[in-house]
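Structure assessment
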Amino acid sequence: VQLQASGGGLVQPGGSLKLSCAASGKFLEINIMGWYRQAPGKERELVAHMMTRGSTDYADSVKGRFTISRDFAKNTLYLQMNSLKPEDTAVYYCNAEVITLDYYKRIYWGKGTLVTVSS
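Scope of this entry: the structure provided in the associated data block. Bear in mind that the values here come from a model prediction, so they are computed numbers and not experimental data. (Residues numbered from 1 in each chain as written. Predicted model: local features only at pLDDT ≥ 70, side-chain atom pairs only at ≥ 80, totals over all residues. Heavy atoms only, no water.)

Here we take up the overall build of the protein. The secondary structure content of the protein amounts to zero helices and eleven strands. In the protein, the succession of α and β elements from N to C terminus is β-β-β-β-β-β-β-β-β-β-β. A compact globule built from 119 residues should have a C-alpha radius of gyration of about 14 Å, and the protein, at 14 Å, falls within 12% of that. By its C-alpha atoms, the protein is 50 × 25 × 20 Å across when sized along the principal axes. The buried share among the 119 residues of the protein stands at 41%. When contacts within the protein are restricted to residue pairs at least 6 apart in sequence, those whose partners lie at least 24 apart make up 52%. With the model as given, the accessible surface of the protein reaches about 6600 Å², and the carbon-plus-sulfur share is 48%. Charge separation in the protein, taken as the distance between the mean sites of 14 positive and 10 negative side-chain charges, equals 4 Å. (Helix = DSSP H or I, 4+ residues; strand = E, 2+ residues; numbered from the N terminus. Rg over C-alpha atoms; globule rule 2.2 N^0.38 Å. Buried < 20%, exposed > 50% of the residue type's maximum accessible area, 1.4 Å probe, protein only. Contact = heavy atoms within 4.5 Å. Areas by Shrake-Rupley, 256 points an atom, 1.4 Å probe, with all protein chains shown as cover. Lys, Arg positive; Asp, Glu negative; His and termini not counted. Charge placed at Lys NZ, Arg CZ, Asp CG, Glu CD.)

Listed below in structure tokens is the structure:
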């Protein structure tokens, strides 16, 4: 299973970006897909995730500004980021809990995409 994240870049404060993460490979199902981020000198933290049935959870720091969505048919996860702040600068990683063909539950990570918020 591979997770390919894209959409990062440089944006001014107050601007918007949309991240995408496409899952490929052979598996039975994806339970949870989410976005994490890691800023320089800080630990990786959860940004938002979405469960199989569509329920979502967000970090307090992004509530009201970020929206997570998922195309279940395409196994693709999105993160719409609005009103971006300099403190949102980080490498954003896609994460998925996958049910493999042999019925194991495994966690996969994408390589990350850099988001820089700066004027």
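Picking up where we left off.
Turning next to the pattern of salt bridges. Using the criterion set out here, one finds four salt bridges in the structure. R37 serves as the salt-bridge partner of E45, at 2.8 Å between the closest nitrogen and oxygen. Overall, E45 belongs to the partly exposed group, its relative accessible area being 35%. Residue R65 pairs with D88 through a salt bridge whose shortest N-O separation is 2.7 Å. With R65 in the loop between β6 (56–58) and β7 (66–71) and D88 in the loop between β8 (76–81) and β9 (90–99), this residue pair connects regions lying 23 residues apart in the sequence. Residues joined by salt bridges that share partners form a network here, namely R37, E45, R65 and D88. (Salt bridge = Lys/Arg side-chain N within 4 Å of Asp/Glu carboxyl O.)

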